[in-house]
Amino acid sequence: MNSNIQKNKASVIENLDAVRAMIKRHKRNDILFATIGLIAIMFGLLALLTLFVDLVMDGYPRFNIQFFSDFPSRRAGSAGLLSAWVGSLLVMLVTFLTAVPIGVAAGLYLEEYAPKNWFSDLIEINVSNLAGVPSIIYGLLALGLFVYGLNLGQSILTAGLTLGLLILPIVIVSTREAIRAIPIAIREAAYAVGATKWQVVKDHIVKYSQGGILTGVIIGMSRALGETAPIITIGALTFIAFLPPSPITTEVPFINFEWLSSSFTVLPIQMFNWLSRPDHAFHINAAATGAIIIVVTLLMNGTAIWLRYKIRKNIKW
Amino acid sequence: MINATTPIKAESKDLNFFYSNGTQALKGINMPLYENKITALIGPSGCGKSTFLRCFNRMHDLYPGNRYEGQIIMHPDNTNILEKGVDPIEVRMRISMVFQKPNPFPKSIYENVAYGLRVRGESNKRLLDDKVEEALKGAALWNEVKDRLQDLAFNLSGGQQQRLCIARALATDPEIMLFDEPTSALDPIATANIEELMSELRNKLTILVVTHNMQQAARISDYTAYMYLGDLIEYGDTDMIFTRPTRKETEDYITGKFG
């Protein structure tokens with residue numbers, strides 16, 4: 001009897017040793033995978049960082065006020081970004097004003113109003129696919145539709161509408177995802193007190209999905225900022241030594257829309273233009289522009305993350 | 001006790017309900033709701049008690065393909081609230097609901113209670129203030145929140161959130177209030193608070209409550225209905241159902257032999 005217990009004790013200890021050895025073996029895999037993951041992250045981050053540092057080092061002589069306040073010039077040293085950043089800003093404004101209302105309304109309709117059947121499935125697949133269409137295709141579409149079809153010319157309006165179309169799927173998809181994240185219980189609570197569909201949409205759905213929608217919009221806008229191909233296709237000029245008419249005037253009614261039909265250039269096109277020149281001095285300008293585009297993009301994405309955090313902070317589900 | 005003098009607030013007549021996938025969840029339910037009484041629905045999971053409850057405020061209308069057959073007649077106006085011509089929004093304005101898990105809106109305590117009134121177009125600040133106070137008092141929450149009405153509802157405890165949801169349902173002066181397992185996500189003390197509150201609310205309105213907890217049904221309800229697989233097996237005075245059930249199935253369920 002006593003010897004039996006002794007024997008039992010021995011086998012428990014032996015077994016425990018085997019279990020510990022097994023846990024140790026399994027933990028090695030944990031460390032192995034964590035290492036692989038870290039290398040994968042570093043690969044992506046380091047590549048971007050190297051590129052950024054390289055651009056900053058090449059372009060740093062041009063980081064001064066003149067670079068932002070000068071028009072392009074034949075002499076690299078006095079060539080600036082003025083027309084390009086003003087052009088980018090105005091094009092982004094048109095893009096924002098078209099993509100956001102249309103995208104959000106479309107997303108709301110698809111999620112809240114459209115009947116769920118094969119047709120809405122078809123639309124869903126198409127919208128997702130549109131997000132993956134190469135941007136130059138949008139350029140060709142815009143050339144045919146806006147430039148020739150609607151006679152809008154090679155203008156800020158055309159460029160803004162084109163980029164608006166380009167980021168529309170991003171806005172629609174992020175709107176739908178933000179809406180889907182709202183729990184059914186919240187909807188039912190609103191309907192249960194007698195709200196109509198529109199009251200539910202305007203008092204709840206839109207309010208609680210704002211953070212997600214805004215994030216999607218900013219990420220779409222930061223993509224639009226860097227787009228070059230569709231803007232070249234519709235015929236943006238590369239050398240613009242004037243500014244579009246100001247949208248705000250000193251005379252009544254203080255707003256004018258002439259700027260919409262003005263010709264223009266944007267940051268990535270200016271960069272492309274400088275890069276394609278044989279004179280190395282222009283390459284410094286191009287590097288500086290590249291660094292600026294990256295910084296603006298990172299700032300926009302950072303804002304998106306910050307806004308999402310701030311808006312989501314008060315919503316727990 | 002059931003007697004001729006207690007008025008009927010609503011009654012279901014040969015009520016069948018089909019989900020969009022074709023399953024029949026309710027089979028010919030005939031049952032009254034007596035005015036200013038609490039009626040409890042008990043039965044094992046999937047027996048159709050929540051489905052039945054959600055017929056009363058046409059919640060099933062939110063999901064396409066669901067279908068009702070038969071009637072739920074509301075008194076004294078004798079409206080069949082399931083009829084196509086009756087707007088579900090009108091029904092929900094007369095019959096409010098408290099859900100299983102507390103589901104306050106991510107808004108302030110004040111706005112949560114006021115929402116039902118805002119939906120009805122009420123914007124008079126004085127009137128809203130009065131109604132919000134009255135509803136919060138009615139839900140036994142006023143003393144705990146009167147100094148922080150503008151705080152987010154999420155900052156309340158689970159039990160307080162559920163009482164807030166009751167206040168939200170109460171603010172619009174409903175004729176009937178539906179409770180779908182209102183205490184299943186709460187601790188025993190919060191549960192006791194809610195049960196006490198329901199007993200008091202009975203003086204103002206008619207209550208239909210789904211519960212998994214048979215002791216709860218025995219404690220708070222005046223009438224009890226036992227449902228199984230979409231059928232109403234037995235309905236009657238709560239004391240009678242729990243002491244002298246006439247059906248063998250009911251007895252098996254309440255004595256714990258089954259379910």
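See above for the structure.
Small disclaimer: the values here were computed from a predicted structure and weren't measured.

The rules behind each value
Each chain carries its own residue numbering, running from 1 in the written order of its sequence. Chain A is the first chain written and ligand 1 is the first ligand written, with later ones labelled in order. Given that this is a predicted model, residues contribute local features only at a pLDDT of at least 70 and side-chain atom pairs are listed and counted only at 80 or more, while totals for whole chains, interfaces and linings are drawn from all residues. Excluding hydrogens and water, the side-chain figures rest on all heavy atoms present in the structure. The numbering of helices and of strands both runs from the N terminus, where a helix is a DSSP run of H or I of at least 4 residues and a strand a run of E of at least 2. Based on C-alpha atoms, the radius of gyration is set beside the globule rule, defined as 2.2 Å times the residue count to the power 0.38. Exposed residues in this analysis have more than 50% of their type's maximum accessible area, buried residues have under 20%, and partly exposed residues fall in between, with area computed by a 1.4 Å probe over protein chains only. Pairs of residues are marked as contacts when any of their non-hydrogen atoms sit within 4.5 Å. Under the convention used here, Asp and Glu are negative, Lys and Arg are positive, and both His and the chain ends fall outside the count. A charged residue contributes its charge at one atom only: NZ of Lys, CZ of Arg, CG of Asp or CD of Glu. Nonpolar cores are built from buried Ala, Val, Leu, Ile, Met, Phe, Trp, Tyr and Cys residues. Side-chain atoms within 4.5 Å join them into one set. Here the rule is simple: two strands pair whenever DSSP picks up at least two bridges between them. Only the six-membered ring of Trp is used, alongside the rings of Phe and Tyr, when aromatic pairs are assigned; centres must lie within 6.5 Å, and planes under 30 degrees apart are stacked while those over 60 apart are edge-to-face, with the rest tilted. A positively charged side chain is recorded as over a ring if its NZ (Lys) or CZ (Arg) lies within 6 Å of the ring centre. The angle to the ring normal must also be within 35 degrees.

It is worth spelling out the overall build of chain B at this point. Secondary structure summary: chain B contains 10 helices and 10 strands in total. For 259 residues, the compact-globule estimate of 2.2 N^0.38 gives 18 Å, and the C-alpha radius of gyration of chain B, at 18 Å, lies within 12% of that figure. The dimensions of chain B, computed from C-alpha atoms along their principal axes, are 55 × 40 × 40 Å. Looking at chain B as a whole, 56% of its 259 residues are labelled buried. In chain B, of all internal contacts separated by at least 6 residues, the share reaching a separation of at least 24 is 67%. Counting 30 positive and 34 negative side-chain charges, chain B places the averaged centre of each group 3 Å from the other.

Bringing the nonpolar core into the picture now. Counting residues in hydrophobic clusters, the biggest one holds 87 residues, and the most contacted among them are Phe 264 of chain A together with Phe 52 of chain B. Contacts of Phe 264 of chain A, omitting those with residues within four sequence positions, involve Val 91, Gln 154, Ser 155, Ile 156, Ala 159, Ile 231, Ile 234, Ala 236, Leu 237 and Ile 240 of chain A. The next biggest cluster of nonpolar side chains, apart from the first, holds 44 residues, and it includes Ile 42, Ala 169, Ala 217 and Tyr 253 of chain B.

With that settled, consider the sheet that holds strand β5 (residues 79-80) of chain B. Residue and element names in this part refer to chain B. Pairing in this open sheet of 4 strands is antiparallel, and the strands run β2-β1-β4-β5 from one edge to the other. The two strands at the open ends of the sheet, each matched to only one other strand, are β2 (24-34) and β5. Looking at chain direction, strand β4 (residues 67-74) and β5 are connected through 2 bridges and run antiparallel. Its bridge partner being in β5, Ile 73 is matched across the sheet by Asn 80.

The description of an aromatic ring pair rests on the distance of the ring centres and on the angle between the ring planes. Within the structure shown, the criterion is met by 9 aromatic pairs over all chains. For the ring pair Tyr 226 of chain B and Tyr 253 of chain B, a centre distance of 4.9 Å and an interplane angle of 25° mean the geometry is stacked. Taken together, the positions of Tyr 226 of chain B in strand β9 (residues 223-228) and Tyr 253 of chain B in helix α10 (residues 248-254) put the pair 27 residues apart, joining distant regions of the chain. Taken as a pair, Tyr 226 of chain B and Tyr 253 of chain B share a single burial class, namely buried. One aromatic cluster is present, formed by Phe 17, Tyr 19 and Tyr 68 of chain B through successive ring pairs. Just above the ring of Tyr 113 of chain A sits the side chain of Lys 197 of chain A; from NZ or CZ to the centre is 5.2 Å. Here Arg 168 of chain B stacks its cationic end above the ring of Phe 105 of chain B, 4.5 Å away from the centre of that ring.

On to the side chain of Ser 222 of chain A. Within the fold, Ser 222 of chain A resides in helix α8 (residues 197-226). Aside from chain neighbours lying at most four places away, what touches Ser 222 of chain A is Thr 297, Met 300 and Asn 301 of chain A.

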